[in-house]
Amino acid sequence: MATKVIALAGNPNTGKTSLFNALTGSRQKVGNWPGVTVERKEGRLSLDGREVSVVDLPGIYSVGASSVDEQIASDYLLAERPDLVLVVVDASNLERSLYLVVQLREMGLPLALALNMEDVASAQGVRIDAAALEERLGAAVVPTVACRGKGVAELRRRLPSLLGDLPSSEPLSVPYGPHLSPSLKRLSDLTAELAPLLGVSPELAAIRLAEGDGEALAALERVKNRWMIDRRLADERERVEGLLGYDLQTALIERRWAFVSALAAQVVRRDLLLGGRPALSDRIDRIVTHRLLGLPLFLAVSWGLFRATFFLGDPIAGRLVGAFVRFGRFLEALLERGSAPELLSRFVTDGLISGVGAVVVFFPHIFLLFAFIALLEDSGYMARGAFVMDRIMRMLGLHGKSFMPLLMGFGCNVPSIMATRILERPRDRMITLLILPFVSCSARLPIFLLFAGTFFGARAGTVIFSLYLLGLVVAVVAAKVLGGTLFAGESSQFVMELPPYHRPRPAVVLRGAWERGSLFLRKAGSFIFLSVLAVWFLASFPPGVEYASAESWIGRIGRSTAGLFAPAGFGFWQASVALLFGFLAKEVVVGALGTLFAAEGVGLAQVLPRYFSPLSAYAFMVMALLYVPCAAVVAAFRGETNSWKWTFFMILYTSFVAWTLAVAVYQIGRLSGIGFP
Amino acid sequence: MTSLAENLGVTKGTVVSALKRLVGEGLLDHERYGTPSLTEAGRERALSIYRRHEHLTFLFTGLLGIPRPKGEEIACTIEHDLDEESEGRLLLLTDFLAQGFRDGADWAVALRRRLGDVAALPRPLAMLEPGKEGFVMRVTAEGPLRKKLLELGFVPGKKVLFRKPSPLGDPLELELLGTRLSLRRSEAATVWVCPTEGGCSPCVP
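All of these numbers come straight from a predicted model, not from anything done at the bench. (Residues numbered from 1 in each chain as written. Chains lettered and ligands numbered in written order. Predicted model: local features only at pLDDT ≥ 70, side-chain atom pairs only at ≥ 80, totals over all residues. Heavy atoms only, no water.)

## Description of the overall build of chain A
Let me state the cut-off plainly: Per the convention used, a helix needs a DSSP run of H or I reaching at least four residues, while a strand needs a run of E reaching at least two, with both numbered from the N terminus. The rule is simple: take the accessible area with a 1.4 Å probe, protein chains only, and divide by the maximum for that residue type; under 20% is buried, over 50% is exposed, in between is partly exposed. What makes two residues a contact is simply this: any of their non-hydrogen atoms within 4.5 Å.
From N to C terminus, chain A includes 30 helices and 10 strands. Principal-axis analysis of the C-alpha atoms gives chain A an extent of 90 × 55 × 55 Å. Here chain A, with 677 residues, has 55% of them falling under the buried criterion. The long-range fraction of contacts in chain A, counting pairs at least 24 apart against all pairs at least 6 apart in sequence, stands at 73%.

## A look at the domain arrangement of chain B
Inclusion rule: An automatic or database domain assignment supplies the start and end points of every domain.
What the domain assignment reports for chain B is domain 1 (2-103) and domain 2 (123-198). Averaged C-alpha coordinates put domain 1 of chain B and domain 2 of chain B at centres separated by 36 Å.

## With respect to the pairing of strand β8 (residues 191-195) of chain B
Residues and elements named next belong to chain B. As a reminder of what qualifies: Only strands that DSSP links by at least two bridges are regarded as paired with each other.
Among the 5 residues of β8, 4 are classified as buried, and the element is accordingly described as predominantly covered. As paired strands, strand β3 (residues 123-124) and β8 are joined by 2 bridges and run antiparallel to one another. From the neighbouring strand, Pro 124 faces β8, where its bridge partner is Trp 192. Direction of pairing for strand β4 (residues 133-139) relative to β8: antiparallel, over a ladder of 5 bridges. In the strand pairing of β8, Phe 135 is matched with Cys 194.

## Some points on the interface of chain B and chain A
Inclusion rule: Accessible surface is computed with a 1.4 Å probe, and the buried area is the amount of it that two parts give up when combined, taken over both parts together. Here a salt bridge means any side-chain nitrogen of Lys or Arg lying within 4 Å of a carboxyl oxygen belonging to Asp or Glu. Each polar contact in these results corresponds to two N or O atoms within 3.5 Å; when the atoms are within protein, one needs to be able to donate a hydrogen and the other to accept it, and residues that are neighboring in sequence are counted only if both atoms are side-chain atoms. Only Asp, Glu, Lys and Arg are considered charged, only Ala, Val, Leu, Ile, Met, Phe, Trp, Tyr, Cys and Pro nonpolar, and every remaining residue, Gly among them, polar.
Taken together, the 38 residues of chain B in the interface contact 54 residues of chain A. For the chain B face of the interface with chain A, the top three residues by lost area are Glu 151, Arg 180 and Arg 184 of chain B, together amounting to 19%. Inspection of the chain B/chain A interface yields 7 salt bridges. Two residues, Asp 390 of chain A and Arg 184 of chain B, come together in a salt bridge whose shortest N-O distance is 2.8 Å. At the boundary of chain B and chain A, one finds 23 residue pairs in polar contact (both at pLDDT 80 or more). For the side of chain B that touches chain A, the elements supplying multiple residues, two or more each, are α5 (84-103), α7 (143-152), β5 (159-165), β6 (172-176) and β7 (179-183) of chain B. Classifying every residue of the side of chain B that touches chain A gives 18 nonpolar, 6 polar and 14 charged.

## A few points about the nonpolar core
Heads up, the condition is: Definition used in this section: a nonpolar core is a set of buried Ala, Val, Leu, Ile, Met, Phe, Trp, Tyr and Cys residues joined via side-chain atoms within 4.5 Å.
Formed by 119 residues in total, the largest nonpolar core has its most connected members in Val 414, Phe 451, Phe 520, Phe 570, Phe 581, Phe 612 and Phe 620 of chain A. Sorting elements by how many residues they give to this core places helix α28 (residues 614-626) of chain A first, with 11 residues. Contacts of Val 414 of chain A, omitting those with residues within four sequence positions, involve Phe 362, Ile 366, Phe 520, Ala 632, Val 633 and Ala 636 of chain A. Of all hydrophobic cores here, the second largest spans 98 residues; its members include Leu 180 and Leu 252 of chain A together with Leu 152 and Val 160 of chain B.

## Concerning the environment of Arg 319 of chain A
Looking at the secondary structure, you find Arg 319 of chain A in helix α14 (residues 294-337). For Arg 319 of chain A and Val 361 of chain A, which are 42 residues apart along the polypeptide, the C-alpha to C-alpha distance reads 9.2 Å.

## Focus on the domain arrangement of chain A
Partitioning chain A into domains gives domain 1 (4-164), domain 2 (177-250) and domain 3 (526-671). Of note, the centres of domain 1 of chain A and domain 3 of chain A, computed from C-alpha atoms alone, are 50 Å apart.

## What to know about the side chain of Asp 282 of chain A
Structurally, Asp 282 of chain A is set in helix α13 (residues 279-288). A polar contact of 3.1 Å, which involves the side chain of Asp 282 of chain A, links it to the side chain of Arg 180 of chain B.

## Details of the pairing of strand β6 (residues 111-116) of chain A
All names here are of chain A. This is how the line gets drawn: A crossover counts as right-handed when, viewed with the strands pointing away from the observer, the path leading from the first strand over the helix to the second turns clockwise.
A large share of β6 lies buried, amounting to 6 of its 6 residues. Sheet topology places strand β5 (residues 84-90) next to β6; 6 bridges connect them, and they run parallel. Bridge assignment links Val 85 to a residue of β6, and that residue is Leu 111. You can see the chain leave β5, run along helix α3 (residues 94-106) and come back into β6, and the turn it takes is right-handed. As defined by bridge partners, β6 adjoins strand β8 (residues 140-143) across 4 bridges and the pair is classed as parallel. Bridge pairing in β8 links Leu 115 to Pro 143.

## So, the sheet that holds β4 of chain B
Just so we agree on the cut-off: Axes here refer to lines fitted to C-alpha atoms; in helices the fit is confined to the stretch in contact. Angles between the N-to-C directions go from 0 to 180 degrees.
Strands sit in the order β10(A)-β7(B)-β6(B)-β5(B)-β4(B)-β8(B)-β3(B) across an open sheet of 7 strands; the sheet is antiparallel. Strands at the two margins of the open sheet, each flanked by one partner only, are β10 (496-497) of chain A together with β3 of chain B. Where α13 of chain A meets the sheet, it contacts β5, β6 and β7 of chain B, and its direction lies at approximately 45° from that of β5 of chain B.

## Observations regarding helix α21 (residues 445-456) of chain A
Buried within α21 of chain A we find Ile 447, Phe 448, Leu 450, Phe 451, Ala 452, Phe 455 and Phe 456 of chain A. Trailing α21 of chain A by a residue or two, Gly 457 of chain A shows a phi angle of about 50°, which is positive.

## Some words on the packing of aromatic side chains
A ring pair, where both rings are aromatic, is described by two values, the distance of the centres and the angle of the planes. Stated precisely, the cut-off is as follows: Paired rings are identified among Phe, Tyr and Trp, the last through its six-membered ring, by centres lying within 6.5 Å, and are further divided according to the angle between planes into stacked (under 30 degrees), edge-to-face (over 60) and tilted (the rest). Consider the ring centre and the ring normal. A charge sits over the ring if Lys NZ or Arg CZ is within 6 Å of that centre and within 35 degrees of that normal.
All told, the structure shown has 23 aromatic pairs over all chains when counted by the stated rule. Look at Phe 565 of chain A and Phe 570 of chain A: their rings are 5.5 Å apart centre to centre, the planes differ by 20°, and that puts the pair in the stacked class. Under the relative-accessibility criterion, Phe 565 of chain A is labelled buried at 9%. On the basis of relative accessible area, Phe 570 of chain A is assigned to the buried category, the value being 0%. Ring-pair connections join several aromatic residues into one group, and the members of that group are Phe 451, Phe 455, Phe 565, Phe 570, Phe 572, Tyr 611, Phe 612 and Phe 620 of chain A. A cation sits over an aromatic face here: Arg 384 of chain A above Tyr 501 of chain A, 4.2 Å from the ring centre. The ring of Trp 192 of chain B carries Arg 138 of chain B above its face, with NZ or CZ at 4.7 Å from the centroid.

## Considering the pattern of salt bridges
All told, the structure shown has 38 salt bridges over all chains when counted by the stated rule. The shortest N-O distance in the salt bridge between Arg 44 of chain A and Glu 51 of chain A comes to 3.8 Å. With a relative accessible area of 34%, Arg 44 of chain A lands in the partly exposed category. Residue Asp 282 of chain A pairs with Arg 163 of chain B through a salt bridge whose shortest N-O separation is 4.0 Å. Placement of Asp 282 of chain A in helix α13 and of Arg 163 of chain B in strand β5 is noted, with the two residues assigned to different chains. You can call Asp 282 of chain A buried: its relative accessible area is 18%.

## Focus: the environment of Met 137 of chain B
All names here are of chain B. Residue position: Met 137 is located in strand β4. In this structure Met 137 comes out as buried when scored by relative accessible area, which is 18%. Contacts of Met 137, omitting those with residues within four sequence positions, involve Pro 122, Pro 156, Trp 192, Val 193 and Cys 194.

## Some thoughts on the packing of α21 of chain A against helix α27 (residues 604-611) of chain A
Residue and element names in this part refer to chain A. Put simply, the test is: The cut-offs work like this: below 35 degrees is roughly parallel, past 145 is roughly antiparallel, 65 to 115 is roughly perpendicular, and the gaps in between are oblique.
The interhelical angle for the contact between α21 and α27, taken along N-to-C directions, is 75°, at an axis separation of 10 Å. If you check the angle between α21 and α27, you find them roughly perpendicular. Residues Leu 450, Phe 451, Thr 454 and Phe 455 of α21 touch α27, and the partners they reach there are Leu 604, Ala 605, Leu 608 and Pro 609. Broken down by class, the residue content of the contact of α21 with α27 amounts to 7 nonpolar, 1 polar and no charged.

## Description of the packing of helix α5 (residues 130-137) of chain A against helix α12 (residues 248-267) of chain A
Packing of α5 of chain A against α12 of chain A leaves a shortest axis separation of 9 Å and a crossing angle of 145°. Across from Ala 132, Leu 133, Arg 136 and Leu 137 of chain A in α5 of chain A, the residues of α12 of chain A making contact are Leu 263, Gln 266 and Val 267 of chain A.

## So, the side chain of Thr 179 of chain B
Within the fold, Thr 179 of chain B resides in strand β7. Contact partners of Thr 179 of chain B, with chain neighbours within four places excluded, come to Asn 93, Arg 96 and Glu 497 of chain A together with Leu 174 of chain B.

Following this line, the structure appears as structure tokens:
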């Protein structure tokens with residue numbers, strides 16, 4: 001028998017994730033929904049010895065197609081037909097949560113409700129008659145406090161029977177009232193052909209047409225009696241408009257809300273003495289979104305987070321790398337004593353060990369950053385940060401929440417690429433992901449320090465600052481261009497809930513951090529590792545050549561591509577090879593140059609001026625700043641987008657932008673006579 | 001009998017003679033010492049009076065923007081002097097105006113402005129003062145945003161509170177159906193509300 005599937009649905013901020021964790025424990029798989037950068041979690045649950053799969057749907061307020069999240073959820077529910085949809089509802093705000101529930105029941109899906117945050121509700125004097133709700137909805141209702149595990153045992157006890165004999169899946173029919181029902185009836189007479197395309201009954205197809213569901217309207221294109229439906233729709237719209245004074249879509253959704261409100265009123269008892277939102281939440285809010293304090297406070301928090309991530313992360317990462325280097329030396333000595341061929345020992349130390357080292361070096365930063373992010377998200381502050389920053393980020397065509405990843409980018413692009421997970425909308429996320437590589441990470445600084453120090457002396461600081469600024473300007477322009485071209489079709493929305501504050505739970509924070517950290521190791525690890533091996537291989541072969549010399553494969557690639565960089569002023573093979581090495585990690589460019597010019601017998605500071613003019617040095621820095629970020633970024637990018645297509649696009653377009661600007665700098669400088677030696 | 005007199009602010013004698021007149025016209029059943037109750041004809045008559053009262057109150061307060069106690073008073077004064085035909089015409093005018101106001105027709109907006117009643121004007125949510133609330137009248141956004149807003153609960157008749165703008169003036173923090181929401185100013189401008197303070201009440205047919 002096939003494994004039964006439970007889909008977990010619910011509004012954002014209803015504790016859906018807590019319940020998912022409470023049900024499945026650590027048996028989870030994190031990935032993406034196919035084709036989009038929306039996180040998909042799947043877990044396993046054992047019920048009476050039977051394995052059940054639990055799929056966590058995106059947090060949504062309604063099903064339909066008015067955002068990608070909703071699209072994913074409704075596609076999944078209608079196409080995959082899970083054996084049970086477990087809807088997590090916020091007991092302290094039942095009315096809001098019930099809209100989704102009623103919609104799902106209209107679709108005739110087998111439903112069970114977890115009446116979550118029951119403790120918050122009681123504290124606010126809200127009592128819900130679970131039995132009455134169960135009866136009215138025709139769905140099991142179990143009160144829970146998922147974050148403390150309360151009610152989960154009861155839920156588990158009831159799940160097998162809910163999964164076994166199909167609970168009443170007779171669709172709920174919402175009374176749309178005397179004004180709308182005739183219209184819906186007349187529409188459903190025409191939807192026999194349309195309904196199967198949507199996977200619903202003709203009646204529901206009529207409802208979805210009337211409520212202006214994008215998917216239903218799109219499916220209209222594919223039916224033969226389209227013109228009839230179109231005309232009927234127009235007629236009914238006019239009729240309803242005349243009757244009610246507003247349009248069919250508004251009328252239908254208003255009626256559904258009226259039904260929801262009435263249902264909520266029937267089962268909710270409110271103690272008016274207790275009541276409302278906790279006062280503390282409001283007091284915190286008054287400070288963090290204060291007219292004058294709000295913005296500085298958020299900037300301070302972000303800056304603190306940035307500092308803390310790298311202040312704590314750097315020494316740990318340094319120690320990890322140190323340990324790997326020592327281990328490498330130890331192995332090398334061991335191999336030498338065993339008189340292994342030199343190539344093998346080089347392979348083990350320069351290839352294998354530094355490959356693994358290149359992967360784990362990111363773990364401390366990712367872990368720390370996500371611990372902090374989970375802290376902000378769990379407490380409710382992240383939403384306020386976006387609320388405060390949105391005005392500024394919108395000028396770049398981005399969402400308020402994009403600020404955090406972009407700031408992190410100055411430390412290291414890798415954790416910041418993963419941090420784009422806080423962005424819910426794929427559009428905002430893709431744009432942020434695509435511009436992040438232009439933000440100058442700390443690994444590019446050694447390159448700037450070397451070149452600016454060698455060529456610009458006292459003005460080195462200004463030069464380096466100009467490069468940081470250039471990175472930002474390119475990022476902003478790229479965001480504008482991408483937003484206006486590739487992502488032009490999708491409108492940017494900022495409909496976001498500001499949840500009540502609550503104390504962050506250590507378990508949630510650590511779990512979030514660990515999940516991302518291990519996700520990175522699993523998803524990006526092998527790619528980074530293989531890249532290191534590949535570069536090592538290219539530099540060491542054919543057998544017998546000097547490491548990374550002109551005769552090695554990497555040297556040959558360098559020689560054949562050098563011409564490409566002639567217009568930018570650095571058309572010699574060493575520069576190309578150094579840039580190739582930069583793919584491992586940008587700071588490696590410096591070391592590679594050292595190796596490549598070692599034959600000249602003098603230090604880099606003396607060698608570089610023989611090859612570069614100040615102008616071509618600047619062009620080289622522009623190239624190093626903007627071209628394909630390191631293998632780790634590519635791996636993380638591929639992990640987050642789940643798409644090689646987008647990854648290749650990112651590699652190509654960043655390289656193109658980098659090359660164009662480097663050439664532009666050199667040519668404009670040359671023609672205007674600046675910076676010739 | 002006593003409580004009726006008290007509620008209406010007249011003497012008991014007036015009530016007794018009024019009741020007698022109603023019984024005489026066949027509108028009221030009233031046995032001695034019993035509670036008076038309306039006959040079928042009486043109920044119909046009462047409803048038509050009530051409807052007329054509601055319509056006139058709506059015309060004066062809701063449409064012409066006269067503050068509530070005053071507008072209601074005017075309605076009470078003239079409803080007694082209206083004959084069938086003039087009542088019918090007034091009702092038609094009321095309907096026509098209401099329709100225009102709901103649709104946001106150009107002439108209706110111009111009329112409102114001319115009437116000079118700023119307080120009760122339906123307006124985009126973004127034009128509400130911070131801390132004030134209003135009833136949703138309609139959403140003018142198009143496409144996915146429109147559906148999203150409606151499904152979030154921005155449907156006619158729901159009460160929405162504009163809490164405050166973000167420190168930089170945009171986006172806005174709102175409260176609807178027990179949830180705090182954040183909307184950009186441009187999005188909030190597509191939700192038309194009528195301020196509760198202007199004496200507006202939810203008008204959902």
